[in-house]
Amino acid sequence: MKKRLTLSDIAKLSGVSKTTASMILNGRGNDFRIKPETCQKVKDIAQKHGYRANVYAKSLQAQRTNVIGLVIPDLTNYGFALTAKTLEKLCRDNRLQLVIACSDDSFEGEKKAIERLLDRQVDLLITAPTHHEPSYYKNITQYTPMLQLDRYISGLDAPSITSNDTETISMLVENMVRAYHPKEFFYLGGQLALSPSQNRLKGFREGLIQSHLDFDENWVLHKDYQPESGYQMFSQVVEKLGRLPEAVFTASFTLLEGVMRYLTEHRQMDKLLTQELHLATFDDHHLLNALPFHIHSIKQEHSQIAEQTFALIQQKLAQKRVESVKVNCEILWRRSI
């Protein structure tokens, strides 16, 4: 592999000073009335030898790296992936680089990802917090602006971008109970310490109250947001009842994946066709539109979430006051009820 040339090397090969080479390669040749043929010569030599400016040196001078760090729980999570994709393009189109890392939904994983991003001198950090203690994040916000995505920590002075999940879930659950009249309605959720888990369970409870279905604490199960947890919790419900439940709400699409795998492995998918089991989920996926049975879902507006997040990034970088944002969700009824 050839040695990477420095600015001094390019200047020496071009027969100009390091300062002149720097001015030309930074697009300021005309400003300093450097001859066009000299500018072209320096550029040609730089291109021939694959010269790249040292962005870290430039960032030290400008006190900006134009790099934004994003830590999400799971790169395979459809919702986070959609948000990250749109946000990356918004950053790229505005000369910012979005560096994405994964926490695996663990605090240790999140800390490692954050520390590595901070080592890169990111201008701003965005994270989906993996726990509810603010102390670690407070130390970060003393030196680096921070936003919270999808989740938030009470007592932390860092704006958040979240979905209006509580009211939407309440409406979905209330309408399902009134339409199908189940005697039981189970809730499968993720880590209860996380703000989305608390808000989604709150919406579920409110929906049952509005529909006048007496709530039973035994209907609520929590683990994490992995598909395997959905499988295990649903299996636990079936084992306890000795049959399939009448209605189930999963707090994420990943949990629904686990439920669907259980039904497939135990050859119970026909119960969805005959409507002996009613399923609904928070989060949506286009594949739900292709199924021969109906699973109602709550769609998060990931494009809007990304756009709102980018707007907050711009405000933060401009050192303006920033307020938390809630983005509305949409209920997708796959059969009129």
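Because the structure is predicted, anything quoted here is derived from the model rather than measured.

Things to note about the packing of helix α1 (residues 7-14) against helix α3 (residues 36-48)
In a pair of packed helices, the angle between the axes and the distance between the axes together describe the arrangement. Axis separation between α1 and α3 bottoms out at 9 Å; the angle between their running directions is 125°. The angle between α1 and α3 falls in the class oblique. Judged by the twist between their axes, the crossing of α1 over α3 is right-handed. Residue-level contacts link I10, L13 and S14 of α1 to K41, V42, I45 and A46 of α3. In the contact of α1 with α3, the residues fall into five nonpolar, one polar and one charged.

Description of the packing of aromatic side chains
Tallying each qualifying case throughout the model produces 10 aromatic pairs. Taking 5.2 Å as the distance between ring centres and 50° as the angle between the ring planes, the aromatic pair formed by Y187 and F204 counts as tilted. Of this pair, Y187 sits in strand β6 (residues 186-189) while F204 sits in helix α9 (residues 195-211), placing them 17 residues apart in sequence. F204 matches Y187 in its accessibility class, with the two residues each being buried. Here the aromatic rings of F215 and W219 are separated by 6.3 Å at their centres, their planes lie at 85°, and the arrangement is edge-to-face. On the accessibility criterion, F215 (28% relative accessible area) is partly exposed. On the basis of relative accessibility, which here comes to 8%, the residue W219 falls in the buried class. In this structure an aromatic cluster arises from ring pairing among F185, Y187, F204 and F249. Above the face of the Y231 ring, R261 is positioned so that its terminal group lies 4.1 Å from the ring centre.

A few points about the domain arrangement of the protein
Domain parsing of the protein yields domain 1 (7-53), domain 2 (65-158) and domain 3 (164-300). Each of domain 1 and domain 2 has a C-alpha centre, and these two points are 37 Å apart.

Thoughts on the pattern of salt bridges
In this structure the tally under the stated criterion is 15 salt bridges. We note a salt bridge from R200 to D165, for which the minimum N-O separation is 3.3 Å. You can see R200 sitting in helix α9 and its partner D165 sitting in helix α8 (residues 165-180), a full 35 residues away along the chain. Residue R205 pairs with E217 through a salt bridge whose shortest N-O separation is 3.3 Å. Here the residue R205 occupies a position in helix α9, and E217 occupies one in the loop between α9 and β7 (220-222), the gap between them amounting to 12 residues. Among the ionic contacts, a cluster of salt bridges with common partners joins D150, D165 and R200.

Some thoughts on the nonpolar core
F185, F204, F234, F249, L263 and L279 are the most contacted members of the largest nonpolar core, which has 47 residues in total. Here the element with the most residues in this core is helix α11 (residues 253-265); it accounts for seven residues. Here F234 is in contact with L188, L244, P245, V248, V259, Y262, L263 and L277, once residues within four sequence places are set aside. Core analysis: the next-biggest nonpolar cluster, separate from the first, contains 23 residues, F80, L149, I161 and V325 among them.

Structural notes on the pairing of strand β8 (residues 247-250)
Working note: regular strand, side chains alternate between the two faces of the sheet. Residue alternation in β8 divides its side chains into two sets, A247 and F249 and V248 and T250, and both sets are buried. Where β6 and β8 come together, three bridges link them in parallel fashion. Directly across from F186, in β8, lies its bridge partner V248.

Topic: the sheet that holds strand β5 (residues 160-163)
Pairing in this open sheet of six strands is parallel, and the strands run β2-β1-β3-β4-β5-β11 from one edge to the other. A strand with exactly one partner marks an edge of an open sheet, and here the two such strands are β2 (97-102) and β11 (325-327). For this sheet, the mean inter-axis angle between neighbouring strands, taken without regard to orientation, is 20°. Here strand β3 (residues 124-127) pairs with strand β4 (residues 146-149) via three bridges, running parallel. Paired with I126 across the bridge in β4 is L147.

Rules used in this analysis
- Residues numbered from 1 in each chain as written.
- Predicted model: local features only at pLDDT ≥ 70, side-chain atom pairs only at ≥ 80, totals over all residues.
- Heavy atoms only, no water.
- Axes fitted to C-alpha atoms, helices over the stretch in contact; angles between N-to-C directions.
- Helix = DSSP H or I, 4+ residues; strand = E, 2+ residues; numbered from the N terminus.
- Parallel < 35°, antiparallel > 145°, perpendicular 65-115°, else oblique.
- Left-handed = near helix turned anticlockwise from the far one by under 90°.
- Contact = heavy atoms within 4.5 Å.
- Nonpolar A, V, L, I, M, F, W, Y, C, P; charged D, E, K, R; others polar.
- Phe/Tyr/Trp six-rings, centres within 6.5 Å; stacked < 30°, edge-to-face > 60°.
- Buried < 20%, exposed > 50% of the residue type's maximum accessible area, 1.4 Å probe, protein only.
- Lys NZ or Arg CZ within 6 Å of the ring centre and 35° of its normal.
- Domains from an automatic or database assignment.
- Salt bridge = Lys/Arg side-chain N within 4 Å of Asp/Glu carboxyl O.
- Core = buried A, V, L, I, M, F, W, Y, C linked by side-chain atoms within 4.5 Å.
- Pairing = 2+ DSSP bridges.

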